[in-house]
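Residue-level listing of the chains:
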Amino acid sequence: MMPTVELHLHLEGTFEPELIFAVAERNGITLPYGDIEELRRRYEFTGLQNFLDLYYANMAVLRHEQDFADLTRAYLARARRAGVRHAEVFFDIQAHTSRGVPAEVALGGVSEALAASEREFGISTGLIVTFLRHLPAEDALRSLEEILRLDVPLLGVGLCSSEVGPAAPFKPVYDLARAHGLRRVAHAGEEGPAANVREVLDVLGVERVDHGIRALEDDALVDRLVAERVPLTLCPLSNVRLRVLDNLAEYPLRRMLERGLVVTINSDDPAYFGGYVDENVRQLTDVLGLSLDELTTLARNGVEAAFVDDARRAELAAEVTAWREAQLAHQG
Ligand code: HPA
Ligand SMILES: [Zn+2]
């Protein structure tokens, strides 16, 4: 199994139908679907918004600290089987506080599970709180101020949800994050144009771009991303399911690698999009015929793009090299 760094993963997007039903039941909540099969039949999306509607509806059964811990542990257990060695996970805190779950309850459960991850699953972790672009930026700022007062280890901040309206109003959020030594990422160039990628780089000062696939529409921007080695966290199965692309065969991965973009493969919302990171890599490898060199580059890009210290980066890099050598020995 290829050792993998996962950098674009929404914890709420790992909420599998079986666990949704189990958590709903123990919380005394009746779901608007009769059974798991009926829920699964809704997993046909026409675009980002139509997916987000279901994603927000399902996460509303999460109420107690244990629910958030169970969600996080279930992801980590599955990620381990996918070869994930380091994960920087997104958590949509406002999607929980806005429906009355206290930030300390939601973050308490998530961070408890993340803190045990190295010991339980051998996966080092970091927590990135992602603010919702469809809500006012003032709400995000208040939310970050509240989180900073809590005793929760935080790696960074991000921005997600519908890619409509400018990102610029979120600048105070990113400035505050930077002042507190937090790392900064944002979704851009998924459904929105390349100009959105420029905006999060120039105005928010992000260090990685989540998705960013539509940056390809702007040659000068691509040159800049290459020159500055700004990583793009790609999510191939997500892009196909949300109709950013028609099918995986059209995925411009090889073009991006040949251009020298620091691209990484990730799963986004694997419970909704048909596969965890191993499945994303497997399907891309089958459809595009990725070589061992290309897979190695993808794995090394993940190591480069991770927000880890030098010691952890060296360990992760050594695992990739050991995997590559085992593959070469196997081929030879
Ligand atoms: O793919 C996505 N895009 C934007 N916001 C999201 N929140 C969960 N998944 C996504
Ligand atoms: Zn995402």
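Residues numbered from 1 in each chain as written. Chains lettered and ligands numbered in written order. Predicted model: local features only at pLDDT ≥ 70, side-chain atom pairs only at ≥ 80, totals over all residues.

Describing the overall build of the protein
Note the cut-off: Here a helix means four or more residues in a row that DSSP labels H or I, a strand means two or more in a row labelled E, and each is numbered from the N terminus. Three exposure classes are used, all based on how many other C-beta atoms lie within 10 Å of a residue's own C-beta (placed from the backbone): buried at 20 or more, exposed at 12 or fewer, and partly exposed between those limits. Residues are treated as contacting if the C-beta atoms built from their backbones sit within 7 Å of each other.
From N to C terminus, the protein includes 17 helices and 8 strands. The C-alpha extent of the protein, read off along each of the three principal axes, is 55 × 40 × 40 Å. Counting across all 332 residues of the protein, residues that qualify as buried make up 47%. Expressed as a percentage of contacts within the protein between residues at least 6 apart in sequence, the contacts between residues at least 24 apart total 75%.

Digging into the UniProt feature "binding site: Zn(2+)" (unreviewed entry) in the protein
For the record, the criterion: UniProt positions are given in the numbering used here, feature names are shortened, and annotations may be inferred rather than shown by experiment.
The UniProt feature table records "binding site: Zn(2+)" (unreviewed entry) at His8, His10, His187 and Asp268. In summary, the annotated positions, though distributed over 261 residues, converge in three dimensions, the widest C-alpha pair being only 11.7 Å. Mapping histidine 10 onto the fold places it in the loop between strand E1 (4–6) and helix H1 (17–26). Classification of histidine 10 as buried rests on a count of 29 C-beta atoms within 10 Å. Setting aside residues no more than four positions away along its own chain, histidine 10 makes contact with Phe90, Asp92, Asp268 and Asp269. Along the chain, the position of histidine 187 falls in strand E5 (residues 183–188). Discounting residues that sit within four places of it in the chain, histidine 187 has contacts with Gly158, Leu159, Cys160, Glu163, Asp210 and His211.

With respect to the site of ligand 1
What counts here: For each residue, a C-beta position is placed from the backbone atoms; the residue is near a molecule or strand when that point lies within 6 Å of it. Lys, Arg, Asp and Glu make up the charged group, whereas Ala, Val, Leu, Ile, Met, Phe, Trp, Tyr, Cys and Pro make up the nonpolar group; the residues left over, Gly among them, are polar.
Neighbouring residues of ligand 1: His10, Gly13, Leu48, Tyr55, Cys160, Ser161, His187, Glu190, Ser238, Asp268 and Asp269. Grouping the amino acids of the shell around ligand 1 by side-chain chemistry returns 3 nonpolar, 5 polar and 3 charged.

Some thoughts on the environment of aspartate 223
Of note, aspartate 223 is situated in helix H11 (residues 219–227). For aspartate 223 and glycine 260, which are 37 residues apart along the polypeptide, the C-alpha to C-alpha distance reads 9.0 Å.

Overview of the packing of helix H8 (residues 137–149) against helix H9 (residues 171–179)
Defined as follows: To get an axis, fit a line to the C-alpha atoms, keeping to the stretch in contact for a helix; angles then go from 0 to 180 degrees between the N-to-C directions. Should an angle fall under 35 degrees it is called roughly parallel, over 145 degrees roughly antiparallel, and 65 to 115 degrees roughly perpendicular, with every other angle called oblique. Two helices that cross are described as forming a left-handed crossing if the nearer one is turned anticlockwise from the farther one by less than a right angle, and a right-handed crossing if clockwise.
Two elements in contact, H8 and H9, have axes whose closest approach is 8 Å; the angle formed by their N-to-C orientations is 20 degrees. The pairing of H8 with H9 is recorded here as roughly parallel in orientation. For H8 against H9, the interelement crossing comes out left-handed. Mapping the contact onto sequence places Ala137, Ala140, Leu141 and Leu144 in H8 and Pro172, Val173, Leu176 and Ala177 in H9.

A word on unusual backbone geometry
With a phi close to 50 degrees, arginine 229 is a non-glycine residue in the positive phi region. Within the fold, arginine 229 resides in the loop between H11 and strand E7 (232–234). Even without a glycine there, the phi angle at aspartate 268 is positive, about 65 degrees. In this fold, aspartate 268 is placed in the loop between strand E8 (263–265) and helix H14 (270–273). You can call aspartate 268 buried: it has 30 C-beta atoms within 10 Å.

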